[in-house]
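Listed below, chain by chain, are the residues.
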Amino acid sequence: MNIILLGAPGAGKGTQAVKIAEKYKIPHISTGDILRKNIKDGTPIGLKAKAYIDKGALVPDEVVIEIVKNRLNEADCKNGYLLDGFPRTVPQAVSLDEFAKIDIVFNIDIDLNILVDRLSGRRVCASCGATYHVTSYSSEICSQCNGNIIQRNDDMPETVRARLKTYTLQTQPLISYYADKNILVNIDGNTSIDKVFEDIVEVLKR
Ligand code: ADP
Ligand code: ADP
Ligand code: ZN
């Protein structure tokens, strides 16, 4: 099964992606994680991407398309994969259609006014990328790997506003792009993490 998770920043894509990847034993491919790893390692892609990410803008299409194209060619993607945070623009989706066959797109639908709390309270592990929220996890040490818990630069309030605007202008049109192809499933993202996951699993069972 080749799956896309679509949704605004903070909708819960990354959180659900970890659970889906574990249950269905498919690789979780997050362009955000790949870009952050490149920034950390100081690669040419990382150097280019950082300025866009820090502004709350999107990294140019050709950069992320190249990343995903290469990643999907790896052997572990043969029996399915889960894309989290890609595509994010119509040109990315059109390009993806040229090298991949997507079976289902989950749109995690959420009230935009919850998102600011989700994003400003988000904390991540600097080592393994595990995601937490301040209201449910107060330790400064990652429970998965003992790494340090930090706040992402782009989760600061000004950048969050820019990212939501970017989402509305550039990513939201993908909802009708995939609805027109009859592969879109809307999931209510305003419920608990477990309930959202149950709803996704229910659809995948069919
Ligand atoms: P995305 O990958 O879509 O940007 P994340 O999965 O990183 O979103 O989630 C954003 C923040 O919201 C994180 O702090 C996460 O722990 C929290 N979160 C995710 N899903 C839920 C949910 N259903 N209910 C409450 N908080 C959630
Ligand atoms: P979120 O979890 O909030 O949805 P991500 O971790 O997916 O955020 O992405 C963080 C940033 O990385 C984005 O704001 C954007 O700058 C960049 N990025 C990630 N995926 C893409 C993509 N498909 N196209 C362009 N930029 C991307
Ligand atoms: Zn960790």
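Up top is the structure these notes are about.
Position labels on residues start from 1 in each chain and follow its written sequence. To label them, take the chains in the order written and letter them from A, then take the ligands in the order written and number them from 1. Reporting of local features is limited, given that this is a predicted model, to residues whose pLDDT is at least 70; pairs of side-chain atoms are given and counted only at 80 or more, and all residues count toward the totals for whole chains, interfaces and linings. Processing note: side-chain calculations cover all non-hydrogen atoms of the structure and skip hydrogens and water entirely.

Attention now goes to the site of ligand 2. Taken together, 19 residues sit near ligand 2, with Thr31, Arg36, Ala57, Gln92 and Arg163 positioned nearest. Whenever two N or O atoms come within 3.5 Å, that pair is a polar contact, provided that in protein one can donate a hydrogen and the other can accept it, and provided that, for residues adjacent in sequence, both atoms are side-chain atoms. In this structure, Ala57 approaches ligand 2 through a main-chain N or O atom, which is 2.6 Å from an oxygen atom. One nitrogen or oxygen atom from the side chain of Arg122 is found 3.1 Å from an oxygen atom belonging to ligand 2. Contact with the protein chains removes 96% of the 560 Å² of surface that ligand 2 exposes when unbound. Every helix listed is a DSSP run of H or I at least four residues long, and every strand listed is a run of E at least two residues long, numbered separately from the N terminus. No other element matches helix H2 (residues 31–41), which puts four residues into the shell around ligand 2. Just so you know the grouping, Ala, Val, Leu, Ile, Met, Phe, Trp, Tyr, Cys and Pro go in nonpolar, Asp, Glu, Lys and Arg go in charged, and all remaining residues, Gly too, go in polar. Among the residues forming the shell around ligand 2, the class breakdown is eight nonpolar, four polar and seven charged. A single heavy atom is enough: if one lies within 4 Å of a molecule or strand, its residue is considered near that molecule or strand. For accessible areas, the Shrake-Rupley method is used with a probe of radius 1.4 Å. Any residue's cover is judged against the shown protein chains and nothing else.

Before going further, it helps to examine the coordination of the zinc ion (ligand 3). Only N, O and S atoms count as donors, using a 2.8 Å limit from the metal and a wider 3.2 Å limit for Na, K and Ca, and since water is excluded some coordination spheres may look unfilled. At the metal site, the zinc ion (ligand 3) is ligated by Cys125 (SG), Cys128 (SG), Cys142 (SG) and Cys145 (SG), and these contacts range over 2.3 to 2.4 Å. Only two sets of limits are used to name each site, 85 to 135 degrees for every angle of a tetrahedral four-donor site, and over 155 degrees for opposite donors with all other angles from 65 to 115 for a square planar four-donor or octahedral six-donor site, with any other site named irregular. Around the zinc ion (ligand 3) sit four donor atoms; with metal-centred angles ranging over 100 to 116°, the donor geometry is tetrahedral.

This brings us to the side chain of Thr171. Within the secondary structure, Thr171 sits in helix H7 (residues 157–171). Looking at Thr171, the relative accessible area reads 6%, which means it is buried. We call a residue buried when its accessible area falls under 20% of the maximum for its residue type, exposed when it is over 50%, and partly exposed in between, using a 1.4 Å probe and counting protein chains only.

Our focus in this paragraph is unusual backbone geometry. Phe86 connects to Pro87 through a cis peptide bond whose omega is -5°. Note that Pro87 resides in the loop between strand S3 (81–84) and helix H5 (90–99). Residue Lys25 is not a glycine yet carries a positive backbone phi of 55°. Exposure remark for Lys25: the relative accessible area of 70% places this residue in the exposed category.

Okay, the site of ligand 1 next. Around ligand 1, a shell composed of 16 residues is seen, among which Gly10, Thr15, Arg122, Tyr132 and Thr191 lie nearest. With respect to ligand 1, the backbone of Ala11 contributes an N or O atom lying 3.3 Å from an oxygen atom. Calculation on ligand 1 without its partners gives an accessible area of 560 Å², and the protein chains cover 87% of this total. Breaking the shell around ligand 1 down by element, the ones donating at least two residues are helix H1 (13–24) and strand S6 (131–133). For the shell around ligand 1, the residue count by class is five nonpolar, eight polar and three charged.

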